[in-house]
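Next come the chains, spelled out residue by residue.
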Amino acid sequence: MTDKWDSETAQSITSNGKEKCEKEGQWSELPSPPLENIYSFLRRADQVNMSLVCQKWSKEFGSPSVWKTFRFYLTESQLLTVTCPVMKSLRKYSSMLQHVEIYYNAVTSNRKLIYTWCRYFIEFLQILTSNSQLISVEFGDLFHCFGVIDTPKYNDMCRATAEFLGSQRHLKRAEFHNCSFEFNEGVELLRKLTEHSLTHLVLRGFVVWDPLDRGEDANFLEHSLKLADFPSLSTFETDYSLIFENLVANQSTDIQAILSCQTRVLSKLILYYGYIEIEDFRGLTSTDWRLMNKLYPDLQVELIDIKDYGRPSVMDFFIVPNMPISRLKYSIGRIEIAV
């Protein structure tokens, strides 16, 4: 009797264990947390493929955590398809997006495919304009595209970008890396950004500028944009450019803020030298920085990649009295000094 009971008990345990293992072994039975974690490690195209495995995985594909961050980075194979599956998914889940990166990855020299990318770029921004309220957006490497397309298509892309920026009411962070917008279009995009409470702004390779147009461009900026138009900005990372120079110099026109001693929250300015010819700029004076210190009492300036190639005038151009420098990365030929 005991042996029979032990045998039945063993069979029952084995059966239950086998059933449990089989159940646990089914990927479709994975709970939501690990599924979301798996999705977070995959490229968007692979996420789309994963969502096609079963109904459970398809459901988790539509969770907010999967769509919180989106990187618009189309491959050549995606550009070759009649309908891009990523765009199809985006139309459905775009309302969940909070952080978006838009990069042109220059995967092809085929002009037709480049124009296809432009079409998807415009469509993507139109979807965001209609359905999304982002917290952050980052544009990058658009200059590869702008150097190939014609003027009408470039204008269409700038128009879509401006409409998108104007539609985002919760935007806190905006970054532009190697975009090279034409000067006037770049200024208009900045105007759109003044409508938001930005806390972080990056302008690296934001506009392309021809020194021959300096007079016209300076007039365009004069009495126009100023740094005080971004009252919530706490971090500003930028190349030294005509736009930056005027954003600071035009502060003197903010009479109301000066008279009321109204201070701003900008605390970090990261300034890159780039490859400018200092002869093409007027430079910021000690008076400009005195006013900056008054309007932004917590401001600290980081000067990065200052290269003079043996020209002392470069240091005199950048470093002037009243400039609150907290970090300096300076190069003389091949010698780099960081303090």
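These figures come from a predicted structure and were not determined experimentally.

Reading guide: rules and limits
Residues numbered from 1 in each chain as written. Predicted model: local features only at pLDDT ≥ 70, side-chain atom pairs only at ≥ 80, totals over all residues. Heavy atoms only, no water. Helix = DSSP H or I, 4+ residues; strand = E, 2+ residues; numbered from the N terminus. Buried < 20%, exposed > 50% of the residue type's maximum accessible area, 1.4 Å probe, protein only. Contact = heavy atoms within 4.5 Å. Areas by Shrake-Rupley, 256 points an atom, 1.4 Å probe, with all protein chains shown as cover. Salt bridge = Lys/Arg side-chain N within 4 Å of Asp/Glu carboxyl O. pLDDT = per-residue confidence, 0-100. Core = buried A, V, L, I, M, F, W, Y, C linked by side-chain atoms within 4.5 Å. Domains from an automatic or database assignment. Patch = residues over 30% accessible without salt bridge, like charges linked within 9 Å, V, L, I, M, F, W, Y side chains within 5 Å.

(A) Fine view of the overall build of the chain. When you go through the chain residue by residue, the secondary structure sums to 16 helices and 12 strands. Within the span of the chain, comprising 339 residues, buried residues form 46% of the whole. For the chain, restricting intrachain contacts to residue pairs at least 6 apart in sequence, the fraction spanning at least 24 positions comes to 79%. Summed over its atoms, the accessible surface of the chain is roughly 17,600 Å², and 52% of this surface lies on carbon and sulfur atoms.

(B) Representation of the pattern of salt bridges in the model. Summed over all chains, the structure comprises 11 salt bridges. For Arg191, the salt bridge goes to Glu188, with nearest N and O atoms at 3.0 Å. Taken together, the residues span about one helical turn, with Arg191 and Glu188 both in helix 11 (residues 183-193) at a distance of three residues. You can call Arg191 partly exposed: its relative accessible area is 29%. Judged by relative accessible area, which is 37%, Glu188 ranks as partly exposed.

(C) Region of the structure containing the confidence of the model for the chain. The pLDDT averaged across the chain works out to 83; a share of 82% of its residues lies at or above 70. Ranking the elements of the chain by mean pLDDT puts helix 1 (residues 2-24) last with 47 and strand 4 (residues 173-177) first with 98. In this model, residues 2-7 is a region of pLDDT below 50 whose contacts with residues beyond four sequence positions or in other chains number zero contacts.

(D) Fine view of the nonpolar core. Ranked by internal contacts, the top residues of the largest apolar core, which has 99 residues, are Trp117, Phe139 and Phe181. Per-domain counts for this core show at least three residues from each of domain 1 (29-62) and domain 2 (67-301). Leave out the neighbours within four places in its chain, and Phe181 touches Leu142, Phe146, Tyr154, Cys158, Phe176, Gly186, Leu189, Phe206, Val207 and Val208.

(E) Looking closely at unusual backbone geometry. For Asp141, which is not a glycine, the phi torsion comes out positive at approximately 60°. With respect to the element layout, Asp141 can be found in the loop between strand 3 (136-140) and helix 9 (143-146). Backbone geometry at Asn322 places phi at a positive 75°, although glycine is not the residue there.

(F) Inspection of a nonpolar patch on the surface at higher detail. On the surface, a nonpolar cluster with roughly 250 Å² of combined accessible area is contributed by Ile332, Ile337 and Val339. Mapped onto the elements of the fold, Ile337 is located in strand 12 (residues 335-338). Judged by its relative accessible area of 36%, Ile337 is partly exposed.

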